[in-house]
Amino acid sequence: MFGLSSKDTRFLLIVVFLTLATPILLQPFPEGSSLAQFNAGYPDLMQKFAIFGIFAIGFNILFGLTGYLSFGHAAFLGVGSYTVVWMYKLLGYNVLPGLVLAVIVSALFALLIGFISLRRSGIYFSILTLAFAQMSYNLAYSVLTPITNGETGLQVYSNDPQILMGENSPTSPHLFGIVMRESTQFEVGGWLFTLNNGYYFCAVIAILAFYLSLRIFRSPFGMMLRAIKTNQTRMNYTGLNSRPYTLAAFVISGMYAGLAGGLLAAMDPLAGAERMQWTASGEVVLMTILGGAGTLMGPVLGAGFIKYFENIFSKINDGVLHAWFAFLPDGLEDLVVALIHPFVGKGWHLTLGILFMLVVIFLPGGLVEGGQRIARLFRSKKTKTAGPGGRNRDHQPKPAPHVAE
Amino acid sequence: MGILEVKGVNKRFGGLQALGDVNLSVAENTVHAIIGPNGAGKSTLLNCLVGKLIPDTGSVMFDGQSVLGRKPHEINQMGISRVFQTPEIFGDLTVLENVLIPCFAKRDGAFRMHAFETVAHERDIVAKATQMLDDVNMADKKDMHAASLSRGDKRRLEMAMCLVQEPKLLLLDEPTAGMARADTNNTIDLLREIKEKRDITMAIIEHDMHVVFSLADRITVLAQGTPLVEDIPEKIKGHPKVQEAYLGQAHG
Ligand SMILES: Nc1ncnc2c1ncn2[C@@H]1O[C@H](COP(=O)(O)OP(=O)(O)O)[C@@H](O)[C@H]1O
Ligand SMILES: [Mg+2]
C-alpha cells in the first residue's frame, strides 16, 4: 500500500495510530494525582513533539543518511517562522499560504547555503553551516530589523494590512476557520483528555513528513545517500556525482526545517531571532543522535524525549520533591531532596546530558538500538524454547542491520 | 587504433619525474598488463587515466575522446571502471546494494532525483545485480553487511561492482597486492574466468609479473616512469632489459 512493502505499511500504520492517539496515550495519570505532572498530553507540548519530530526527521535525511553534520539548521527553522508571520501580517491568519511559502523560501535559502558549504566535508562543512546560521541570527537581530523586528521579535499589529481578513475571520492562526488554539476536552473517570486542533494539524503534517522520509529511505536516491556516507571514493569511481546528491539532501532537510519553523509560528504567531541560535541547531543534532541517526523512528523518539525532559523535568521543583518524599523521616527527606535537586527543575540539562552520554557510549545506535536489543532478547528467549528443531541464529551469516524501525 | 591511447604523457612530482614520455595503446578485447618494480610509476599512470591526476603533458584518449580534465565520475560514465589496490566498497551497505548502485549509475547517469521510486520495485536492476552476484559465486552472501566480508570476497564484490557496469575498459591496480597465496590464486582464477566468459578489455597493473603471465595478451614493462618494452608474455620473460629492470632492482 502507498508504494510500500507490507512490512513498511504496517510500520506506517502503527506510527499513524500512535500519532493520532498521542493526546490519550500521554495522559496515563489521573488528573489531580501526584503523578499527573508527568502527563504530557497537553497541547503546547504535544505540538512541540510533532513539530520537532518533523525538524529531526528532515535533519536525519541529511545527517543520518549522508553523514554530513550540519550545525546550522536552526537558520531554516527561523526563516520558516518569519515567513509565516509575514504572511499573517500581509494576508491574514490562515496558516496555509505562510506554510507553503515557508517551505519554498527555506528551500531557496538551503540551496544557497548548501551550495557553498558542501564544497567542504567533515568538520569544515559543519563549521561553514554554523557560520552561516550565526550570521543569519545576527542579521536577524540587527541589520535586518525592518524584516525581523529585531529583539522584540516579529508579530502581528492591528495596523498590518491583512488584506484577506474578512469580518468574521478568526483573529488567531487558523486553517480555513479551524482555529489552532481551540481544543475539545473530555473527561473519562479521573482522566482529562485534550484534543487540540493545532496538535492534530501538526500531527497530520508530521505523518506526511514521516511517510515522505520513509519513501526516501527506500528509494534509489536514499541508497545513494547512504553510499555517500560509506565511501565517496567508490561513489565517484562508480560514475556518480556525489555533490548534487548531498545538495538535494541538504535542501530537503532545509525544507523540513522551514516547515517545522513555519508550524511553530502557526501554533503561536510569533517569530524571534533566538530560534536561529546555534543552541537550537545543536538541539536537533542531539535529538537525532539520541534517538538513533540513520533510523526512521530514532529522530522522532529523540525529539520527543528531549522536549519531554525540557518541559516536564524542568517543572519539578523542591516543593514537588518534598511532597513526594514527605513519607520519609524529616532529616532523610531533606537529604533525598537535596540529592535529587541538581537533576530536576533548572537542572534538567544535567539529567539529559548524563542520559545522552550513556546512550552515546552504550547504545551508539541510539534509543532505537536499545529497543531493538530488548526486542531481540525476547525473540531469542522464544527461539530457545522452540527446542532443538529451532535454527541457531549464531551460525548463520550476519545480516546487515535494517534501516527500518 | 586501440580503445585506450596514451601519448607522450609526462608527470612530475616536484623534482621527481614519475612518468617520462609514456606511450601506450590498449587494443579492444585484450588483456594488457603493465608491470614494473615498486616506484616505477604504475599507480601514477593509472591515476592519470581515471581523472585523479592530470598529466603535465601528453594526451590520453579513450574511445576517441580525451579524458584529460574530466572528473572521475565522468570518466566512469565514458566506460572505464576501476578496481583499487585495496578494495573500495560500500561497507555499511549490503552486498546486493553494493552491486545495485553501479547498476543505477549505469542506467540513470551521474545524478538522478529518484526519491519517490522504490529500490525493490526496480525489478530489472535487482535481477541484473542478483545475476551478477551469482556469476561471482556470492549469491548466498547478498544480504550480508559488505564490511563483514573476507578480504577475498571484498575483492570479488568490487570486481562484480565494476563488471555489472559492462565497462568498455576495466582497470585493475595490483589486484593481488598484499594477498595470501590462496587468495592470489583465487583472484587470478576469477580474472581468467571473466576474460573467458565476457568480451572485455582489461588493463592490469601488477608488481609481480607471474600473476599476469598466464593472463595477459600483451605486457608493457615500466621502469622509472618510462616503458622499457612491450610485447607478448613469452617474449617478455627472457627479455634482457626486463631481467635488468627487475633483477637489477631485486638484487641491488
Ligand atoms: N602524490 C605524489 N606526490 C609525490 N610523489 C609521488 C606521488 N605519487 C607517487 N609519487 C612518487 O612517484 C613515483 C611512482 O610512484 P607510483 O606510481 O606509486 O609507483 P608504483 O605504483 O609503480 O609502485 C614514486 O617514486 C613515488 O614516490
Ligand atoms: Mg602502486
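Residues numbered from 1 in each chain as written. Chains lettered and ligands numbered in written order. Predicted model: local features only at pLDDT ≥ 70, side-chain atom pairs only at ≥ 80, totals over all residues. Heavy atoms only, no water.

1. Let's talk about the overall build of chain A
Rules: A run of H or I in DSSP counts as a helix once it spans at least four residues, and a run of E counts as a strand once it spans at least two, with each numbered from the N terminus. C-alpha atoms define the radius of gyration, and 2.2 Å times the number of residues to the power 0.38 defines the globule rule. For every residue, the accessible area obtained with a 1.4 Å probe (protein chains only) is divided by the maximum for its type, and the residue is called buried under 20%, exposed over 50%, and partly exposed between those limits. Only heavy atoms matter for contacts: two residues are in contact if any of them lie within 4.5 Å across the pair. Accessibility throughout is a Shrake-Rupley quantity obtained with a 1.4 Å probe, and a residue counts as covered only by protein chains that appear here.
Within chain A, the secondary structure is distributed over 16 helices and 6 strands. At 23 Å, chain A has a C-alpha radius of gyration in line with the 22 Å of a compact globule built from 405 residues. Each principal axis of the C-alpha distribution contributes one length, and for chain A these read about 80 × 70 × 45 Å. For chain A, with 405 residues in total, the buried portion stands at 51%. For chain A, the proportion of contacts with a sequence separation of at least 24, taken over those separated by at least 6, is 73%. For chain A, the exposed area adds up to about 18,700 Å²; of that, 68% sits on carbon and sulfur atoms.

2. Let's talk about the sheet that holds strand β5 (residues 65-66) of chain B
Residues and elements named next belong to chain B. We count it as follows: In this analysis, strands are considered paired if DSSP registers two or more bridges between them.
Reading across from one edge, β2-β1-β4-β5 is the order of the 4 strands in this open sheet, with antiparallel pairing throughout. The strands lining the two open edges of the sheet, one partner per strand, are β2 (16-26) and β5. Sheet topology places strand β1 (residues 4-13) next to β2; 7 bridges connect them, and they run antiparallel. The partner of V9 across the bridge, within β2, is V22.

3. A look at the sheet that holds strand β7 (residues 169-173) of chain B
All names here are of chain B. Convention followed: Every axis in this analysis is a line fitted to C-alpha atoms, fitted for helices over the stretch in contact. Angles between the N-to-C directions lie between 0 and 180 degrees.
Strands sit in the order β6-β7-β8-β3-β9-β10 across an open sheet of 6 strands; the sheet is mixed. The sheet is open, and its two borders are formed by β6 (80-83) and β10 (226-231), each paired with just one other strand. Taken pair by pair, the neighbouring strands of this sheet meet at an average axis angle of 20°, ignoring direction. Across 4 bridges, strand β3 (residues 31-35) lies against strand β9 (residues 218-223) in parallel orientation. Paired with H32 across the bridge in β9 is R218.

4. Focus: the packing of aromatic side chains
Our working definition: Note on aromatic pairs: the rings of Phe, Tyr and Trp (six-membered ring only in Trp) are paired at centre separations within 6.5 Å, and the planes decide the class, stacked below 30 degrees, edge-to-face beyond 60, tilted for the rest.
Across all of its chains, the model carries 18 aromatic pairs over all chains by this definition. Aromatic side chains Y237 of chain A and F84 of chain B sit 5.1 Å apart centroid to centroid with 85° between the ring planes, which places their arrangement in the edge-to-face category. Here Y237 of chain A, found in helix α9 (residues 232-237), pairs with F84 of chain B, found in the loop between β6 and α3 (95-108), and the two come from separate chains. Residues Y245 of chain A and F111 of chain B carry aromatic rings whose centres are separated by 4.7 Å and whose planes lie at 75° to one another, so their mutual orientation is edge-to-face. With Y245 of chain A in helix α10 (residues 242-267) and F111 of chain B in the loop between α3 and α4 (123-135), the pair connects residues from two separate chains.

5. A short note on the domain arrangement of chain B
Residue and element names in this part refer to chain B. Put simply, the test is: All domain edges in this entry derive from an automatic or database-based domain assignment. A 1.4 Å probe defines the accessible area here, and the buried area is the portion of it lost by two parts on being joined, summed over both.
What the domain assignment lists for chain B is domain 1 (1-79 + 167-252) and domain 2 (89-166). On the side of domain 2, 15 residues touch domain 1, which itself brings 21 residues to the contact. Together, the buried faces of domain 1 and domain 2 total about 1,400 Å²; carbon and sulfur atoms form 59% of this surface. A per-residue breakdown of the area domain 1 buries against domain 2 is headed by P167, L190 and R198, which together make up 35% of the total.

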